[in-house]
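Examination of the molecular architecture
So the chains spell out like this:
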Amino acid sequence: MLRKIAKWTGIVLGSLLLLGFAGYWLIARNITQRTERTYEFAAENLTIPTDSVTVNRGEHLAVIKGCTDCHGTNLAGKIMIDDEGLGRLVAANLTKGKGGLPADYVTTDWVRALRHGVDRAGHPLLFMPSHETTMLSEQDMAAIIAYCQQIPAVDNELPAHKLGPVVNLMTYLDKMTLLSVEKIDHDRKMVAKVDSTEGIALGKYLAVSCSGCHKPDFKGGDPVAPGFPPVPNLTSTGNVGKWTQAQFIATLRTGKTPSGHQIDNENMPWKMTAQYEQKELASLYQYFRSIK
Ligand code: HEC
Ligand code: HEC
């Protein structure tokens with residue numbers, strides 16, 4: 001009798017394990033197919049000014065939109081993550097050096113990447129937040145491109161991506177934006193220009209950069225990936241609802257909250273928010289406070 005039970009337990013456990021492997025295999029195949037799809041978008045051009053005011057504005061945007069966080073301060077790309085569970089995620093070298101963008105990578109290619117989330121061959125850009133850059137105004141996108149197009153070439157040849165099981169699983173469950181191309185409303189018209197006066201409208205425009213982690217409703221929730229802290233609610237019903245504008249701005253400049261908690265830049269990019277202008281942080285505060 002006991003031997004029979006042991007035998008059946010073994011069979012059941014073995015089958016569960018096999019089912020698990022088969023399930024994972026199907027998930028991994030699903031993600032591979034989605035990353036290998038080819039998309040087609042009509043080429044779109046933007047006029048790229050080259051005056052120093054525009055280039056300086058582009059540099060500011062490249063910092064506050066996190067381009068330099070992921071692609072490196074010289075935009076020569078880097079390995080963002082390399083571990084067993086997540087795999088290897090690599091931000092491209094955006095210069096024209098070795099391992100970088102091809103010499104004939106033109107403005108329409110930049111627009112395709114930032115607006116649609118695909119490379120010039122129509123293949124999805126992995127882990128590149130184009131679902132956020134697609135919300136940029138034409139004026140801001142042009143400034144970013146102007147800045148990127150004039151950076152010095154840096155030779156930096158990088159390895160390819162290698163997606164780990166955690167990324168595959170989280171993408172399958174829609175808990176991580178690996179494929180921004182799938183999240184974008186590709187028919188949406190870009191706005192030409194955003195009103196840059198301090199206030200809720202500017203805050204709403206800027207908050208797109210916070211929505212990936214703090215969730216589209218800014219109410220926070222689950223950690224962005226296993227091993228990270230939960231993401232706080234930024235609206236009037238969270239801590240920010242109790243903070244003054246000065247406290248909010250100090251938090252985003254120093255990473256230290258009014259209660260004295262020091263935020264780790266790896267969890268929440270406060271070294272990036274530290275570089276926002278006063279007016280931009282004030283606008284974010286006013287926008288978050290306006291959400292009930
Ligand atoms: C969260 C990290 C992250 C941020 C933030 C980010 N990128 Fe990327 N970007 C990537 C990764 C990763 C790739 C490589 C995608 C691939 O090859 O599959 C990439 C690819 C690109 C490419 C594609 C080049 C090609 O092959 O066509 C361009 C252009 C680009 N990024 C520009 C930008 C700009 C400009 C910004 C800021 C507005 C930015 N990125 C912000 C991670 C990021
Ligand atoms: C990569 C994910 C990520 C992005 C992007 C991000 N945050 Fe955060 N943020 C976090 C996490 C995680 C915490 C909690 C950190 C901790 O508890 O140490 C946090 C904490 C905060 C806090 C402190 C809130 C509290 O109640 O203590 C504020 C304020 C904040 N973020 C604002 C922003 C703003 C504004 C932006 C966009 C400009 C932004 N964050 C972008 C992940 C992110």
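Here, every reference points to the structure presented above.
To start, this report covers the structure provided alongside it. (Residues numbered from 1 in each chain as written. Chains lettered and ligands numbered in written order. Predicted model: local features only at pLDDT ≥ 70, side-chain atom pairs only at ≥ 80, totals over all residues. Heavy atoms only, no water.)

**Regarding the site of ligand 1**
Going by this rule: Consider each residue's heavy atoms; a residue with any of them within 4 Å of a molecule or strand counts as near. Think of a polar contact as two N or O atoms within 3.5 Å of one another; within protein, one of them needs to be a possible hydrogen donor and the other a possible acceptor, and neighboring residues in sequence only count if both atoms come from side chains. Only DSSP runs of H or I with at least four residues qualify as helices, and only runs of E with at least two residues qualify as strands; both kinds are numbered from the N terminus onward. Residue polarity follows a fixed list, in which Ala, Val, Leu, Ile, Met, Phe, Trp, Tyr, Cys and Pro are nonpolar, Asp, Glu, Lys and Arg are charged, and the others, Gly among them, are polar.
Looking at ligand 1, there are 24 residues lining it, with Cys67, Cys70, His71, Tyr105 and Met128 nearest. Here a nitrogen atom of ligand 1 sits 2.8 Å away from a polar atom, N or O, in the side chain of His71. Note that an oxygen atom of ligand 1 is positioned 2.7 Å from one of the side-chain N or O atoms of Tyr105. Where the shell around ligand 1 is concerned, the elements lending two or more residues are helix H3 (67-71), strand S2 (87-91) and helix H4 (107-116). Each residue belonging to the shell around ligand 1 can be placed in one class, and the counts come to 18 nonpolar, four polar and two charged.

**Thoughts on the site of ligand 2**
In the neighbourhood of ligand 2, 20 residues make up the surrounding shell, with Cys210, Cys213, His214, His261 and Met268 lying closest. With respect to ligand 2, the side chain of Asn239 contributes an N or O atom lying 2.7 Å from an oxygen atom. Within the side chain of His261, a nitrogen or oxygen atom sits 2.7 Å from an oxygen atom of ligand 2. At the level of elements, helix H9 (208-214) and helix H10 (245-254) are the ones that each hand at least two residues to the shell around ligand 2. The element contributing the most residues to the shell around ligand 2 is H9, with four residues. Residue classes in the shell around ligand 2 are distributed as 13 nonpolar, seven polar and no charged.

**What about the coordination of the iron atom of ligand 1?**
Ideal values differ by geometry: the angle at a metal is 109.5 degrees with four tetrahedral donors, but 90 or 180 degrees with six octahedral donors. Keep this limit in mind: Here the term donor refers to an N, O or S atom within 2.8 Å of the metal (or 3.2 Å for Na, K and Ca), and because water is left out of the atoms, sites may appear incomplete. Angle rules define the geometry names used: all angles between 85 and 135 degrees makes four donors tetrahedral, while opposite donors over 155 degrees apart and all other angles between 65 and 115 make four donors square planar and six octahedral, leaving every other case irregular. Each residue is placed in one exposure class: buried if its accessible area under a 1.4 Å probe, protein chains only, is under 20% of its type's maximum, exposed if it is over 50%, and partly exposed if it falls in between.
Taken together, the protein ligands of the iron atom of ligand 1 are His71 (NE2) and Met128 (SD), with distances of 2.0 to 2.2 Å. Relative to the metal, the six donor atoms surrounding the iron atom of ligand 1 lie at angles of 87 to 179°, and the coordination shape comes out octahedral. Taken together, the positions of His71 in helix H3 and Met128 in the loop between H4 and helix H5 (130-133) put the pair 57 residues apart, joining distant regions of the chain. Each member of the pair, His71 as well as Met128, is classed as buried.

**A short note on the coordination of the iron atom of ligand 2**
Only His214 (NE2) and Met268 (SD) from the protein coordinate the iron atom of ligand 2, and they sit 2.0 to 2.1 Å from it. Around the iron atom of ligand 2 sit six donor atoms; with metal-centred angles ranging over 87 to 179°, the donor geometry is octahedral. You can see His214 sitting in helix H9 and its partner Met268 sitting in the loop between H10 and helix H11 (270-273), a full 54 residues away along the chain. Residues His214 and Met268 agree in their burial class; the two are buried.

**What about the nonpolar core?**
Quick reminder of the rule: Among buried residues, those of type Ala, Val, Leu, Ile, Met, Phe, Trp, Tyr and Cys that are joined through side-chain atoms within 4.5 Å constitute a nonpolar core. A domain assignment, automatic or from a database, supplies the domain bounds used here. Between two residues, a contact is recorded if the distance between any of their heavy atoms is within 4.5 Å.
Counting 51 residues, the largest nonpolar core has Met141, Ile145, Phe248, Leu284 and Phe288 as its most contacted members. Contributions of two or more residues to this core are made by helix H2 (52-64), H4, helix H6 (138-149), helix H8 (200-206), H10, H11 and helix H12 (278-290). The dominant element in this core, judged by the number of residues it contributes, is H6, at eight residues. Each of domain 1 (52-182) and domain 2 (200-222 + 232-290) contributes no fewer than three residues to this core. Setting aside residues up to four positions removed in sequence, Ile145 forms contacts with Leu46, Ile48, Trp110, Val111 and Leu114. If you look at the next biggest cluster of nonpolar residues, it comprises 14 residues, including Ile27, Ile31, Val118 and Leu179.

**Thoughts on the pairing of S2**
The line we're drawing: We call two strands paired when DSSP finds no fewer than two bridges between them.
Taking burial as the measure, the five residues of S2 include five buried ones, the bulk of the element. Neither face of S2 is left uncovered, since the one carrying Gly87, Leu89 and Ala91 and the one carrying Arg88 and Val90 both have all their residues buried. Looking at chain direction, strand S1 (residues 78-83) and S2 are connected through five bridges and run antiparallel. In the sheet register, Lys78 faces S2, and the bridge partner there is Ala91. Counted between consecutive antiparallel strands, the loop separating S1 from S2 contains three residues.

**Focus on the packing of helix H1 (residues 2-36) against helix H7 (residues 165-172)**
The line we're drawing: Fitting a line to C-alpha atoms yields each axis, with helices limited to the stretch in contact; the angle taken between N-to-C directions then spans 0 to 180 degrees. Working rule for angles: under 35 degrees goes down as roughly parallel, over 145 as roughly antiparallel, 65 to 115 as roughly perpendicular, anything else as oblique.
At their nearest, the axes of H1 and H7 sit 9 Å apart, and the two run at 80° to each other. When the interaxial angle is binned, H1 and H7 end up roughly perpendicular. Residue-level contacts link Tyr24, Ile27, Ala28, Asn30, Ile31 and Arg34 of H1 to Pro165, Asn168, Leu169, Thr171 and Tyr172 of H7. For the contact of H1 with H7, the per-class residue count stands at seven nonpolar, three polar and one charged.

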